[in-house]
Amino acid sequence: MDKKDWIHVITTQPNRYRSFHVEVQAREISDNYRIDRIRVPEHKSGFVDQARSFRVFYKEALRLAGKEHYDLVYASSSRLFTAFLGRKIAGKQGIPLYLDIRDIFVDTIKDVFKGRKMLRIPAGSCLGWIERYTFAGAKHINLVSEGFKTYFEKYRKSAYSYFTNGIDDIFLDVPKFARQVSGVKIITYAGNIGSGQGLEKVIPMAAQKLGERYFFRIIGDGGMKTLLKDRIEELGVHNVELLNPVSRERLIGYYNDSDFLFLHLNDLEAFKKVLPSKLFEYAAFDKPIIAGVGGYVSQFIQENLSNYILFAPTDVKSMVEQILKFDGGEQEQGDFVKRFARKNIMKEMARSILECR
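Before going into details, it helps to say that this report is about the structure given with it. (Residues numbered from 1 in each chain as written. Predicted model: local features only at pLDDT ≥ 70, side-chain atom pairs only at ≥ 80, totals over all residues. Heavy atoms only, no water.)

### Quick look at the nonpolar core
In step 1: F152, F216 and F262 are the most contacted members of the largest nonpolar core, which totals 100 residues.
In step 2: Once you skip the residues sitting within four places of it in the chain, F152 turns out to touch I101, I104, F135, I141, L143 and Y160. (Core = buried A, V, L, I, M, F, W, Y, C linked by side-chain atoms within 4.5 Å. Buried < 20%, exposed > 50% of the residue type's maximum accessible area, 1.4 Å probe, protein only. Contact = heavy atoms within 4.5 Å.)

### Notes on the pairing of strand β12 (residues 289–292)
In step 1: The alternating pattern of β12 places I289 and A291 and I290 and G292 on opposite faces, both of which are buried.
In step 2: Note: strand β11 (residues 260–264) against β12, four bridges, orientation parallel. Counted as the bridge partner of H264 is G292 from β12.
In step 3: Once the chain exits β11 it traverses helix α9 (residues 277–283) before rejoining the sheet at β12, and the crossover so formed is right-handed.
In step 4: Judged from the four bridges that link them, β12 and strand β13 (residues 308–311) form a sheet pairing that is parallel. Pairing of I290 across the sheet is with I309, part of β13. (Helix = DSSP H or I, 4+ residues; strand = E, 2+ residues; numbered from the N terminus. Pairing = 2+ DSSP bridges. Right-handed = clockwise from strand over helix to strand, strands pointing away.)

### Focus: the environment of D267
In step 1: Relative to the helices and strands, D267 is located in the loop between β11 and α9.
In step 2: In this structure the C-alpha to C-alpha distance between D267 and R339, which are 72 residues apart in sequence, comes to 29 Å.
In step 3: Look past the residues within four positions of D267 in its chain and what remains in contact with it is P313 and T314.

### Focus on the sheet that holds strand β2 (residues 27–29)
In step 1: Pairing within the open sheet is mixed, and its three strands lie in the order β1-β3-β2. On the outer flanks of this sheet lie β1 (7–12) and β2, each paired with one strand and no other. Taking each pair of neighbouring strands and ignoring which way they run, the sheet shows an average axis angle of 10 degrees. (Axes fitted to C-alpha atoms, helices over the stretch in contact; angles between N-to-C directions.)

### What to know about helix α6 (residues 203–210)
In step 1: What α6 keeps buried is the set I203, P204, A206, A207 and L210. Buried residues in α6, looked at end-on, bunch into an arc of 165 degrees, giving them a common side.
In step 2: Elements that come into contact with the buried residues of α6 comprise β8 (185–192), β9 (214–221), α7 (225–234), β10 (240–243), β11 and α11 (316–325).
In step 3: With its phi angle positive at about 80 degrees, G211 sits one or two positions after the end of α6. (Arc of directions from axis to C-beta.)

### Focus: the side chain of S158
In step 1: Counting through the fold element by element, S158 comes out in the loop between β6 (140–143) and β7 (159–161).
In step 2: Classification of S158 as buried rests on a relative accessible area of 8%.
In step 3: A polar side-chain atom of S158 sits 2.6 Å from the main-chain carbonyl oxygen of A138.
In step 4: The residues touching S158, leaving out its near neighbours within four places in the chain, are F135, A138, K139 and I141. (Polar contact = N/O pair within 3.5 Å; in protein donor to acceptor, adjacent residues only side chain to side chain.)

### Digging into helix α2 (residues 80–93)
In step 1: Between the first and last C-alpha of α2 there are 20 Å, a value that for 14 residues agrees with the 20 Å anticipated at 1.5 Å per step.
In step 2: Within α2 the residues assigned to the buried category are L80, A83, F84, L85, G86, R87, I89, A90 and Q93.
In step 3: At the exit of α2 stands G94, carrying a positive phi of roughly 65 degrees. (Expected span 1.5 Å × (residues − 1).)

### Some points on the pattern of salt bridges
In step 1: With the rule as written, the count across this model stands at 18 salt bridges.
In step 2: Across the pair D36 and R27 runs a salt bridge whose closest N-O atoms are separated by 2.7 Å.
In step 3: Exposure remark for R27: the relative accessible area of 41% places this residue in the partly exposed category.
In step 4: One salt bridge connects E348 with R351, and the closest N-O pair in it is separated by 2.5 Å. With E348 and R351 both in helix α13 (residues 342–354) and three residues apart, the pair spans about one turn of that helix.
In step 5: A relative accessible area of 40% means that E348 is categorised as partly exposed. (Salt bridge = Lys/Arg side-chain N within 4 Å of Asp/Glu carboxyl O.)

In structure tokens form, the structure reads like this:
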């Protein structure tokens with residue numbers, strides 16, 4: 001940026017999990033930026049909780065933005081409504097809008113309400129209008145997954161880019177070490193435990209079939225954690241450990257103390273287009289990745305990674321068979337880490353944002 005340029009960041013206090021709290025400054029000011037972090041109600045990742053939380057953020061963000069005059073609005077959105085908020089601010093000030101899209105919310109909602117027409121039809125209609133209003137008003141749209149490309153072909157007025165998720169420096173700059181050989185193989189999952197991950201559909205049954213020579217460590221929280229715990233107890237499984245979210249520093253230790261890193265997306269049409277950020281984090285550790293995914297992310301793994309087990313979502317039989325016959329170990333994931341370092345991707349994206357005038 002030039003010396004006269006200035007950035008105003010409007011975000012929230014960290015709030016993803018009730019079981020893990022990080023407190024940071026509500027306002028942070030430097031020479032050429034200001035960060036306002038809005039405190040929102042805690043939630044368990046359910047729709048009602050998240051809607052209540054977003055309502056608080058939405059109103060306060062509009063109030064803060066109303067005090068300033070901007071030249072450009074950038075909105076990063078895994079949910080449609082953050083993008084909608086960016087569109088509202090840009091529209092009020094008559095300025096360009098740059099959207100960074102990490103999920104197709106309308107697709108997800110249609111899958112979630114599948115078979116419930118009384119909810120699906122009005123929700124789809126309302127969200128479809130919000131989506132059209134939001135995306136049709138964007139000058140530039142970045143899609144983190146090329147799997148989204150066909151969906152967005154209808155919004156032809158925007159320029160497009162495909163800057164993906166990346167690997168954070170904290171995962172690149174720490175020592176990685178191989179786990180000491182033992183009689184038990186540790187399979188680690190870290191992240192959200194929600195309906196999108198569908199862990200309750202695979203972990204308990206896989207753990208039961210694999211037996212005591214394999215141990216699942218699940219780190220995280222979310223709306224489906226209780227159901228996952230119930231399924232584990234119903235099957236009488238003792239080789240699964242459920243841990244609350246931890247700091248990134250502790251998470252690195254757990255990754256190093258693993259034989260496999262696990263990723264799973266529920267068997268829904270919407271998830272065949274996404275590219276999960278967790279995949280990039282895992283790839284920095286040279287551990288074999290067990291991935292229960294389909295669609296574009298399955299294609300991405302096959303084209304870009306070299307050390308993995310791939311199975312269709314919820315296909316426990318295939319997952320177990322491949323784990324039992326897997327004879328590989330730790331190995332570097334080719335040039336993946338260098339190509340997808342977040343700092344390199346963000347340099348290019350920053351140029352793209354500054355050119356959106």
